[in-house]
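# Architecture and fold: a report
The lines below spell out each chain.
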Amino acid sequence: MANTRPVLKAEVRSEFGKGFARRLRAAGKIPGVVYGHAVDVLHFAVDRLEMTALVRNHGVNAVFELELEGEQHLVMVKHIDQNVLTFNIDHIDLLSIKRGEKVEVEVPVVLEGEPAPGLMFIQDADVLLVEADVLNIPEEIVVSIEGLEDGTVVTAGEVSLPEGTTLAAEEDTVIVSISEPEVDEDVEAAAEAAEEGGAEAGAESADESASEEKKDEE
C-alpha cells in the first residue's frame with residue numbers, strides 16, 4: 001500500500017539558543033525537535049509556511065513523514081509554541097512514532113445542534129483526551145446538544161467515540177451543560193429605571209405641551 005502521509009523536508013540544525021532561533025524565524029524557518037522511541041533526539045529547522053499549512057490541513061495531531069538528510073521519520077505533532085502577537089509557530093515538538101501503536105491525544109470537541117428553545121449551553125471542555133491508533137486519530141469529536149433540556153450535563157463517559165478510539169479522560173469530565181440564560185440583576189434594574197424615566201419624561205413633555213396649547217388659546 002502506498003504511503004499517503006504528507007512528507008515535509010527539513011534540515012538538521014546544530015546551533016541552538018534564542019539568537020539562532022530569531023535568525024531562523026527571520027529567514028522564514030522555525031526550529032523543532034523530534035524525540036521518543038529510544039531514538040536520539042533530532043534537532044531540525046523547517047519552513048514555517050509549509051509547517052503551518054500542514055497543521056492547518058491535518059490538525060493539531062497531524063501525523064506525517066519528516067525527511068532529514070534523505071531519511072524519513074514517521075512523526076506526529078506533540079506541542080506547538082505560538083507567538084502570542086502574530087500566532088505564528090515559533091517552535092514545534094514532534095513525537096517519533098511507529099505504525100500500529102496507540103497514543104493518548106487531545107482531540108477537539110465540536111458541538112452540534114441547539115438546546116431546547118430559550119436555553120443556553122456552556123462548553124466546559126474544548127478537547128477530550130482519548131487513546132487511538134496513531135494512524136487513525138480522529139480530527140474532531142462531535143457532541144450533539146440538539147433539544148437538550150435545562151439542567152442537562154453531558155460528561156465524557158456519555159460521548160460516542162469513533163470506532164477504535166477509547167476514552168482516556170475521567171468519565172465524569174464535564175463536556176457541556178445546558179441552563180437558562182442568567183439575568184444580570186444590575187443590568188435589569190438599570191433597564192427598568194431607564195424605562196420608567198422615559199415614561200416620566202414623556203408624561204412631563206405631554207403636560208408641558210398641553211400647558212403651552214392652553215396659553216395659546218388664552
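Within an unreviewed UniProt entry, the label attached to the chain reads Large ribosomal subunit protein bL25, and the organism entered is Corynebacterium aurimucosum. Quoted straight from UniProt, the Sequence similarities (unreviewed entry) entry for the chain says "Belongs to the bacterial ribosomal protein bL25 family. CTC subfamily."

What follows covers the side chain of Arg-13. Residue position: Arg-13 is located in the loop between β1 (7-12) and α1 (18-26). Lacking a salt bridge, the buried Arg-13 has Asp-93 as its closest oppositely charged neighbour, with an N-O distance of 7.3 Å. One polar contact links the side chain of Arg-13 to the main-chain carbonyl oxygen of Gly-32, over a distance of 3.1 Å. Filtering out sequence-adjacent residues up to four positions away, Arg-13 remains in contact with Phe-20, Leu-24, Pro-31, Gly-32, His-43, Phe-44, Ala-45 and His-91.

A separate point is the sheet that holds strand β9 (residues 127-133). Ordered in space as β10-β7-β9-β12, the four strands form an open sheet in which the pairing is mixed. Each of the sheet's edge strands pairs with one partner strand only, and the pair in question is β10 (141-144) and β12 (166-167). As defined by bridge partners, strand β7 (residues 102-112) adjoins β9 across seven bridges and the pair is classed as antiparallel. Note that in β9 the partner of Pro-108 across the bridge is Val-127.

Okay, the sheet that holds strand β2 (residues 29-35) next. An order of β1-β3-β2-β6-β5-β4 is seen for the six strands of this closed barrel, with the pairing classed as mixed. Put simply, the sheet's adjacent strands are angled 45° from each other on average, direction ignored. Note: β2 against strand β6 (residues 89-96), four bridges, orientation parallel. Across the sheet, residue Tyr-35 finds its bridge partner in β6, namely Leu-95.

Scanning the model with the defined rule gives three salt bridges in all. In this structure, Glu-11 and Lys-29 form a salt bridge, with 2.9 Å as the shortest nitrogen-oxygen distance. Of the two residues, Glu-11 sits in strand β1 while Lys-29 sits in strand β2, which places them 18 residues apart along the sequence. A relative accessible area of 39% places Glu-11 in the partly exposed class. Across the pair Arg-99 and Glu-65 runs a salt bridge whose closest N-O atoms are separated by 3.1 Å. A residue pair is termed long-range when its members are at least 10 positions apart, and Arg-99 in the loop between β6 and β7 and Glu-65 in strand β4 (residues 63-68) qualify at 34 residues.

What follows deals with the side chain of Ser-177. On the secondary structure map, Ser-177 appears in strand β13 (residues 174-179). There is a polar contact of 3.5 Å between the side chain of Ser-177 and the side chain of Asp-124. Apart from the residues lying within four places of it in its own chain, the contact partners of Ser-177 are Met-120, Phe-121, Ile-122, Asp-124, Thr-152 and Val-153.

Further remarks concern the pairing of strand β3 (residues 42-47). Note: β1 against β3, two bridges, orientation antiparallel. Paired with Glu-11 across the two strands is Ala-45, which belongs to β3. Two strands pair when backbone bridges link them, and β2 and β3 are joined in this way by six bridges, in the antiparallel orientation. The residue bridging Val-34 from the neighbouring strand is Leu-42, located in β3.

The rules behind the values
Residues numbered from 1 in each chain as written. Predicted model: local features only at pLDDT ≥ 70, side-chain atom pairs only at ≥ 80, totals over all residues. Heavy atoms only, no water. UniProt positions renumbered as here; feature names shortened; annotations may be inferred. Helix = DSSP H or I, 4+ residues; strand = E, 2+ residues; numbered from the N terminus. Buried < 20%, exposed > 50% of the residue type's maximum accessible area, 1.4 Å probe, protein only. Lys, Arg positive; Asp, Glu negative; His and termini not counted. Salt bridge = Lys/Arg side-chain N within 4 Å of Asp/Glu carboxyl O. Polar contact = N/O pair within 3.5 Å; in protein donor to acceptor, adjacent residues only side chain to side chain. Contact = heavy atoms within 4.5 Å. Pairing = 2+ DSSP bridges. Axes fitted to C-alpha atoms, helices over the stretch in contact; angles between N-to-C directions.

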